[in-house]
Amino acid sequence: MVRVPDTRFALRRVSETEWVIHDLHFADGDHRRAVCCISTVTDTEVEVLWMRDLPLPLRHASAYDVLHEVERFQEARRATRPIPIPRLPPPAH
């Protein structure tokens, strides 16, 4: 399993041509832990079966590219600022 300390996602090789990406925020055995399955198509291309509804491509150059794409997507979602809610006085009766 390829894992960098303090990261949310881990790339795990399950066979010579297949990998999975796990979301480490979920425990082993929790179905939400699986983010995607990755299969080798050619020497320079892999195909992704997304287990989550992510707007990411189905094909990438490598399993590591898929992992980086997932991390980038997650970081972009966390980087957005909250939408400010205007403070209005209560209506006068």
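Details of the structure are given in the entry above.
Quick notes on the rules
- Residues numbered from 1 in each chain as written.
- Predicted model: local features only at pLDDT ≥ 70, side-chain atom pairs only at ≥ 80, totals over all residues.
- Heavy atoms only, no water.
- Buried < 20%, exposed > 50% of the residue type's maximum accessible area, 1.4 Å probe, protein only.
- Helix = DSSP H or I, 4+ residues; strand = E, 2+ residues; numbered from the N terminus.
- Pairing = 2+ DSSP bridges.
- Core = buried A, V, L, I, M, F, W, Y, C linked by side-chain atoms within 4.5 Å.
- Contact = heavy atoms within 4.5 Å.
- Disulfide = S-S within 2.5 Å.
- Polar contact = N/O pair within 3.5 Å; in protein donor to acceptor, adjacent residues only side chain to side chain.

1. A word on the pairing of strand E4 (residues 45-50)
Here is step 1: The alternating pattern of E4 places Val-46, Val-48 and Trp-50 on a buried face and Glu-45, Glu-47 and Leu-49 on a face that is not buried.
Here is step 2: Note that strand E3 (residues 34-42) and E4 share six bridges and pair antiparallel. What sits directly across from Ser-39, in E4, is Glu-47.
Here is step 3: Between E3 and the antiparallel strand that follows it, E4, lie two residues.

2. Some thoughts on the nonpolar core
One broad trend across soluble globular proteins is that nonpolar side chains are buried collectively.
Here is step 1: Of all hydrophobic cores here, the largest spans 16 residues; its most connected members are Ile-21, Ile-38, Trp-50, Val-66 and Val-70.
Here is step 2: Elements with a contribution of two residues or more to this core: strand E1 (9-13), strand E2 (18-23), E3, E4 and helix H1 (63-79).
Here is step 3: Take this core: its biggest share by element is four residues, from H1.
Here is step 4: In this view, Val-66 contacts Ile-21, Cys-36, Ile-38, Val-46, Val-48, Trp-50 and His-60; residues no more than four positions away in its chain are not counted.

3. A word on the state of the cysteines
Here is step 1: One pass over the full model with this rule turns up zero disulfides.
Here is step 2: With no disulfide of its own, Cys-36 lies closest to Cys-37 among cysteine sulfurs, the gap being 6.9 Å.

4. Here we look at the environment of Asp-28
Here is step 1: Tracing the sequence through the fold places Asp-28 in the loop between E2 and E3.
Here is step 2: You can call Asp-28 exposed: its relative accessible area is 66%.

5. So, the sheet that holds E4
Here is step 1: What the five strands build is an open sheet, ordered E1-E2-E3-E4-E5; its pairing is antiparallel. If you trace the sheet from one side to the other, it starts and ends with E1 and strand E5 (59-60), each paired once.

6. A closer look at the side chain of Asp-23
Here is step 1: As for its placement among the helices and strands, Asp-23 is situated in strand E2.
Here is step 2: At 2.9 Å, the side chain of Asp-23 and the side chain of Arg-52 are in polar contact.
Here is step 3: Excluding anything up to four places from it in sequence, Asp-23 contacts Arg-8, Phe-9, Arg-32, Arg-33, Val-35 and Arg-52.

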